[in-house]
Amino acid sequence: PDALREQMLKGLPSKTLRKRAKQIVPNDPETPPEIGANSRTIPGIITQRGCTYAGCRGVVIGPIHDILHITHGPVGCGYYSWMTRRNLARVPEGQTNYMQYCMTTDMQEDHIVFGGEKRLAEAIREAYRLFKPKAISVYATCPVGLIGDDIHSVCRQAKEELGINVFGFSCEGYKGVSQSAGHHIANNGVFKHMIGLDDTPNDAKYKINILGEYNIGGDAWAIDELLKKCGITILATLSGGVSYDEIINCHQADLNVVMCHRSINYMAEMMETKFGIPWFKVNFIGADSTAKSLRKIAKYFDDKELMDRVEEVIAAELAVLRPIQAEIKAKHQGKKAAIFVGGSRAHHYQDLFGDIGIETVSAGYEFAHRDDYEGRDVLPNIKIDADSRNIEELDVEPDETRFRPRISPEAKQKLIDAGFAFSDYLGMMREMKKRALVIDDISHHELEHLIKTWKPDIIGSGIKDKFIIEKMGVPCKQLHSYDYGGPYASFAGAINFYKEIDRMLSTKVWSYVVPPWVKDRKAAAPEAPAEE
Ligand code: CFM
Ligand code: HCA
């Protein structure tokens, strides 16, 4: 990894080199090395990152299908976030699916010059007249922040005038260094304007929320189905396949389990402080990870009946899965993967590749923070820079009437003594091999070096680099959109994934691709048929 790292850094201007050098580190699972993360991308470097608006409107809140989302800004921002992320929803008969609409104030030059507040107030009224939603949410784009429109006062007035919940997000694209800032802003807004609004009790026996699961390709449905078999009730999945009403009542849960730590750890912490709901990390991506997560939930509830049920479900699911896994593993054992995705999947999908014998030799996030790499124990040592200070930290107190510890301090201690980790995430590095190369916010230049030198058999990535990778003769599985497949979560999803990766690796098409650095096709791919 040292030689490869050197190649990647070679030729960069000295300031850029110093910065990138901190973001490319050979791994040590015993003592995870410090990695540079959550800092600005240097202009000129080709990054896969998105903006703060994308993280707030597109990722965290967009999937709530019965909120009417209005993008306040030029039409491009609204258009970009229109159905481009694969967060699926099933909408009950008779209800409108607002996710299918692209609502925007379509700001023009004169709104930039004279202000866009009136335009926004009119847009909210018009949208209400047409659709009568129970809630409207407004998102600020870059120019809105630059000209200083006060979207929050417009929302307050509209809330009073219309008698429905209307709230805004100051998630201007430039507000943070990536979409990660948008996650935090979204968490704050959902917490302030939705969580706890409906106190109707729920008498389900084992009731939990899934935090950080966005129903890409139907993952949330697959998890829901699995937990139902175990007798566990999901009150709300934040935010995937979920309604406004589920979210405003989800503080009735007795546990929050966190899938994507990066995008929603803020909410887990705030709900614990305010309502006394504990949280821990789970992963339903990968067969063994899914079984482990189910057992952890059952152990938390400390109920023999639930534990037995969970074991029955795991046994039944694995009886179907194991033969398929074994057959596919036998074909691909020893192959190498590299994964560069978002803020959690670069870690989670290593388990799924590992299930079929494929080792991840290099991985990195686009925008995660040091804790997602090195584990939450580094949190006190993370330097807060000006870009992070920019994002509001809510001051949360225990709720005077509604705070209720869900588990007694003694029971909690007993679990901790037995090795149970609450409020924790150990990060990606502890689960990767020694000397694997960890790369934050990878650039196209670095990716090309990785492919040429290490020749991974498959790369997990996104739309922005998929075709660069495939033109180099390496299959690229999109781990954001799943290349329009999925679900991949839970046992049923894992089977889908094994089969799909098997198909991708087994097709002969890769042998027809001549990487750009090779002149002679036959030498590049001996299996390829001769030119007709
Ligand atoms: Fe969390 Fe996500 Fe991800 Fe993410 Fe995303 Fe996504 Fe992702 Mo694309 S919330 S960090 S901001 S798991 S949209 S559903 S796939 S980059 S790895
Ligand atoms: C986003 C959304 C995205 C992009 C996917 C990709 C998604 O970052 O705004 O780059 O392929 O999952 O849809 O992450």
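As shown above, the structure is provided for reference.
The structure contained in this document is the topic of the report that follows.

Here we take up the overall build of the chain. Per the secondary structure count, the chain includes 22 helices and 14 strands. Computed over the C-alpha atoms, the radius of gyration of the chain is 24 Å, within 12% of the 24 Å expected from 2.2 N^0.38 for a compact globule of 532 residues. In terms of its C-alpha atoms, the chain occupies a principal-axis envelope of roughly 70 × 65 × 50 Å. Burial status across the chain gives 57% buried among its 532 residues. For the chain, the computed accessible surface area is about 23,200 Å², with 53% contributed by carbon and sulfur atoms.

Glancing now at the state of the cysteines. Within the structure shown, the criterion is met by zero disulfides. No disulfide involves C56; its sulfur sits 3.9 Å from the nearest other cysteine sulfur, which is in C171. The class for C56 is buried, based on a relative accessible area of 0%. No disulfide involves C250; its sulfur sits 17 Å from that of C260, the nearest cysteine. A residue is classified by how much of its surface remains accessible, and C250, at 0% relative accessible area, is buried.

Ligand 1 sits among 14 residues. The nearest are R85, H183, C260, S344 and H480. Of the residues that constitute the shell around ligand 1, the class distribution is six nonpolar, six polar and two charged.

Right, let's talk about the site of ligand 2 for a bit. Taken together, A54, Y80, R85, Q179, G462, I463, K464 and H480 are the residues near ligand 2. A distance of 2.7 Å separates an oxygen atom of ligand 2 from a polar atom in the backbone of I463. Between H480 and ligand 2, the recorded distance is 3.0 Å, taken from a side-chain N or O atom to an oxygen atom. Protein contacts shield 84% of the accessible area of ligand 2, which totals 350 Å² for the unbound molecule. Of the residues in the shell around ligand 2, the class split is three nonpolar, three polar and two charged.

Two measures describe an aromatic ring pair: the distance that separates the ring centres and the angle between the ring planes. Applying the stated criterion to the full structure yields 18 aromatic pairs. When the ring of Y206 is compared with that of F301, the centres are 5.3 Å apart and the planes differ by 65°; the resulting orientation is edge-to-face. Highlighted residues: Y206 in the loop between helix 9 (179-193) and strand 6 (207-211) and F301 in helix 13 (residues 287-301), separated in sequence by 95 residues. For the residue pair Y206 and F301, the accessibility class agrees, reading buried in each case. When the ring of Y488 is compared with that of F497, the centres are 5.0 Å apart and the planes differ by 75°; the resulting orientation is edge-to-face. Here Y488 matches F497 in class, with each residue buried. The ring of Y139 is capped by R57, whose NZ or CZ atom sits 5.8 Å from the centre of that ring.

Judged by nonpolar contacts, the single largest core of 112 residues is most densely connected at I195, I208, L238 and F284. In terms of residue count, helix 21 (residues 490-506) provides more of this core than any other element does, eight residues in total. Once you skip the residues sitting within four places of it in the chain, I195 turns out to touch V190, L238, I247, C250, H251, M267, M271 and F275.

Here we take up the pairing of strand 11 (residues 359-364). The side chains of a regular strand alternate, residue by residue, between the two faces of the sheet. In terms of residue burial, strand 11 counts as a mostly covered element, since five of its six residues are buried. Alignment of strand 10 (residues 336-340) against strand 11, held across five bridges, turns out to be parallel. Bridging across to strand 11, K336 finds its partner in E359. Between the parallel pair strand 10 and strand 11, the chain is carried across by helix 15 (residues 345-355), and the sense of this crossover is right-handed. Relative to strand 12 (residues 437-439), strand 11 runs parallel, the two being bridged by two bridges. Pairing of A363 across the sheet is with V438, part of strand 12.

Time to look at helix 2 (residues 14-23). Within helix 2 the residues assigned to the buried category are T16, R20, A21 and Q23. Seen from one end, helix 2 has its buried residues packed into an arc of 155°, which puts them on one side. Facing away from the buried side of helix 2 by over 90 degrees, the exposed positions are S14, K15, R18 and K22. On its buried side, helix 2 packs onto helix 1 (2-9), strand 1 (24-26), strand 12 and helix 19 (444-454).

Cut-off values and rules
Residues numbered from 1 in each chain as written. Chains lettered and ligands numbered in written order. Predicted model: local features only at pLDDT ≥ 70, side-chain atom pairs only at ≥ 80, totals over all residues. Heavy atoms only, no water. Helix = DSSP H or I, 4+ residues; strand = E, 2+ residues; numbered from the N terminus. Rg over C-alpha atoms; globule rule 2.2 N^0.38 Å. Buried < 20%, exposed > 50% of the residue type's maximum accessible area, 1.4 Å probe, protein only. Areas by Shrake-Rupley, 256 points an atom, 1.4 Å probe, with all protein chains shown as cover. Disulfide = S-S within 2.5 Å. Near = heavy atom within 4 Å. Nonpolar A, V, L, I, M, F, W, Y, C, P; charged D, E, K, R; others polar. Polar contact = N/O pair within 3.5 Å; in protein donor to acceptor, adjacent residues only side chain to side chain. Phe/Tyr/Trp six-rings, centres within 6.5 Å; stacked < 30°, edge-to-face > 60°. Lys NZ or Arg CZ within 6 Å of the ring centre and 35° of its normal. Core = buried A, V, L, I, M, F, W, Y, C linked by side-chain atoms within 4.5 Å. Contact = heavy atoms within 4.5 Å. Pairing = 2+ DSSP bridges. Right-handed = clockwise from strand over helix to strand, strands pointing away. Arc of directions from axis to C-beta.

Functional significance is not addressed by these values, which are geometric in nature.
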